[in-house]
Amino acid sequence: MHLISSLDESAVVRSITTARDASTSFTTPRFDAGDLAFLDAEPGEGQRWSTWPATTPSERGPAPRPDWLVTSAAAIDTELGVVKTGKEADLSLIERAVPGADPLVAGNSVLLAAKRYRSTEHSDFHRSTVYTEGRGTRRSRDARALAKGTTFGREVARVQWAYAEFEALSRLTELGAAVPYPVQVGGTEVLMEFIGDGRVAAPRLAQVRATPDELRELFHQIVDFMHTLAAGGLAHGDLSPYNLLVHDGRVVAIDLPQVVDVISNPQGFDLLHRDCVNVCSWFTRQRLECDPEELFGELVGMVAM
């Protein structure tokens, strides 16, 4: 099984031509009759029409979709600022809302996290080969461009990583893993559920100060997450206390473009073992006993089932 094998490759290639405008592109929406009351609204500075109507079914999150999802063609996306910057992408906060509609009614207004992959000149894409082994690129032109590092190849890499993250989020959502719900993908932008309170993002596990009992509960949640992935033949591949959020006592995993198929990727079991070591090392430093080899053995057994 390959995580990205079900991607609509024509959508990926089509996205490359518009990737540079992913965060600011203007799409004229097609309105339903119920949207006509909002036709007098126009996007202002730092706004755009909702990009939901322009996406294809394969670029939208899996069913059943949450009731908070805003799908109206009359909705407007408003940029609220950058939440954090990373090695490969920036995370921004967006409000998607229908003008004039009651924001307290589900489906009228929601805060979303927009992850936007940067060009390779300003990122760390060189590490990607470890995670992409076994995936393959069916289009020979794309494979050659990626190998040569051409301008087109770098654009392909950005789009592929965005789609890989969206596909991973979709797959893990279907498996019941604790990850942000993936709303949609287009070009180099992935829109997903925002994990936090108001406009404040949830803290990373590394920032959390917890009691021994709370630490034990957090550890059990992370082990359950790893079990869920292993049962699906997958490993996070880069799991650490820095890409695990804690929100209202619930652990949510983020930064998922490198999720690997443990069987098809030659480095799969090594990456799974590293995840175990990273997690147990942190909890051991917090004085919670954890044996990475025992955890690894459990997970390998689940993968082999």
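Owing to the predicted nature of the structure, the values given are computational and were not obtained by experimental measurement.

### Observations regarding the overall build of the protein
Piece 1. For the protein, the count of helices and strands is seven helices and twelve strands.
Piece 2. When the 305 residues of the protein are sorted by exposure, 49% land in the buried category.
Piece 3. A separation of at least 24 residues holds for 69% of the contacts in the protein among residues at least 6 apart in sequence.
Piece 4. Element-wise, carbon and sulfur atoms account for 52% of the exposed surface of the protein, whose accessible area totals about 14400 Å².

### Here we look at unusual backbone geometry
Piece 1. Cis geometry marks the peptide bond from Ala-63 to Pro-64, where omega comes out at -5°.
Piece 2. Positive phi, normally seen in glycine, also occurs at Asp-248, with a value near 55°.
Piece 3. Structurally, Asp-248 is set in the loop between β10 (244-247) and β11 (250-253).

### A short note on the sheet that holds strand β2 (residues 76-85)
Piece 1. The six strands are arranged β1-β2-β3-β4-β6-β5 in an open sheet whose pairing can be described as antiparallel. Only two strands of the sheet have a single partner each, and these edge strands are β1 (47-49) and β5 (182-186). Across this sheet, the average inter-strand angle for adjacent strands is 30°, counted without regard to direction.
Piece 2. As paired strands, β1 and β2 are joined by three bridges and run antiparallel to one another. Across the sheet, Trp-49 pairs through a bridge with Ile-76, a residue of β2.

### Some words on the pairing of strand β6 (residues 189-193)
Piece 1. Among the five residues in β6, four count as buried, and that is most of the element.
Piece 2. Here strand β4 (residues 109-117) pairs with β6 via five bridges, running antiparallel. The residue bridging Ala-113 from the neighbouring strand is Met-192, located in β6.
Piece 3. Alignment of β5 against β6, held across four bridges, turns out to be antiparallel. The partner of Gln-184 across the bridge, within β6, is Leu-191.

### Overview of the packing of aromatic side chains
Geometrically, a pair of aromatic rings is defined through the distance of the ring centres and the angle of the planes.
Piece 1. Counted according to the given criterion, the structure contains three aromatic pairs.
Piece 2. Each ring, one from Trp-68 and one from Tyr-181, has its centre 6.0 Å from the other, and the planes form 90°; the classification is edge-to-face. With Trp-68 in the loop between β1 and β2 and Tyr-181 in the loop between α4 (151-175) and β5, the pair connects residues that are 113 residues apart, well separated along the chain.
Piece 3. On the basis of relative accessible area, Trp-68 is assigned to the partly exposed category, the value being 22%.

### A closer look at the confidence of the model for the protein
Piece 1. Here the protein shows a mean pLDDT of 84. Residues at 70 or above account for 74%.
Piece 2. Segment residues 18-31 is flagged for pLDDT under 50; beyond a separation of four residues in sequence, or across chains, it makes 28 contacts in the model.
Piece 3. Of the regions scoring below 50 in pLDDT, residues 33-38 engages in eight contacts with residues more than four places distant in sequence or in other chains.

### Things to note about helix α7 (residues 292-304)
Piece 1. Its 13 residues place the ends of α7 18 Å apart at the C-alpha level, agreeing with the 18 Å of an ideal helix rising 1.5 Å per residue.
Piece 2. Among all positions in α7, only Leu-295, Phe-296, Leu-299 and Val-303 are buried. With its buried residues spanning 100° around the axis, α7 presents them on a single face.
Piece 3. On its buried side, α7 packs onto α5 (212-231) and α6 (268-285).
Piece 4. Its side-chain oxygen at 2.9 Å from the backbone nitrogen of Glu-293, Asp-291 defines the N-terminal cap of α7.

About the thresholds
- Residue indices begin from 1 for each chain and proceed along its sequence in written order.
- Local features are withheld for residues below a pLDDT of 70 in this predicted model, meaning they are given only at 70 or higher, and side-chain atom pairs are given and counted only at 80 or more; totals for whole chains, interfaces and linings count all residues.
- Side-chain descriptors were evaluated using all non-hydrogen atoms of the structure, hydrogens and water having been removed beforehand.
- A run of H or I in DSSP becomes a helix once it reaches four residues, and a run of E becomes a strand once it reaches two; helices and strands are each numbered from the N terminus.
- Three labels apply to residues, based on accessible area from a 1.4 Å probe with only protein chains included: buried if under 20% of the type maximum, exposed if over 50%, partly exposed otherwise in between.
- Contact criterion: two residues are considered in contact whenever any of their non-hydrogen atoms come within 4.5 Å of each other.
- For the area figures, the Shrake-Rupley method with a 1.4 Å probe applies, and any residue is considered shielded solely by the protein chains shown.
- Note: two strands are recorded as paired if DSSP finds a minimum of 2 bridges between them.
- Between N-to-C directions, angles span 0 to 180 degrees; the directions come from axes that are lines fitted to C-alpha atoms, helices contributing only their stretch in contact.
- Each pair of aromatic rings taken from Phe, Tyr and Trp, with Trp reduced to its six-membered ring, is defined by centres within 6.5 Å and is described as stacked if the planes are under 30 degrees apart, edge-to-face if over 60, and tilted in the remaining cases.
- pLDDT: the predictor's confidence for each residue, scored from 0 to 100.
- One less than the number of residues in a helix, times 1.5 Å, gives the span that helix is expected to have.
- Here, the arc refers to the directions that run from the helix axis to the C-beta atoms.
- For this analysis, a polar contact is any N or O atom pair within 3.5 Å, provided that within protein one partner can donate a hydrogen and the other can accept it, and provided that sequence-adjacent residues contribute only side-chain to side-chain pairs.

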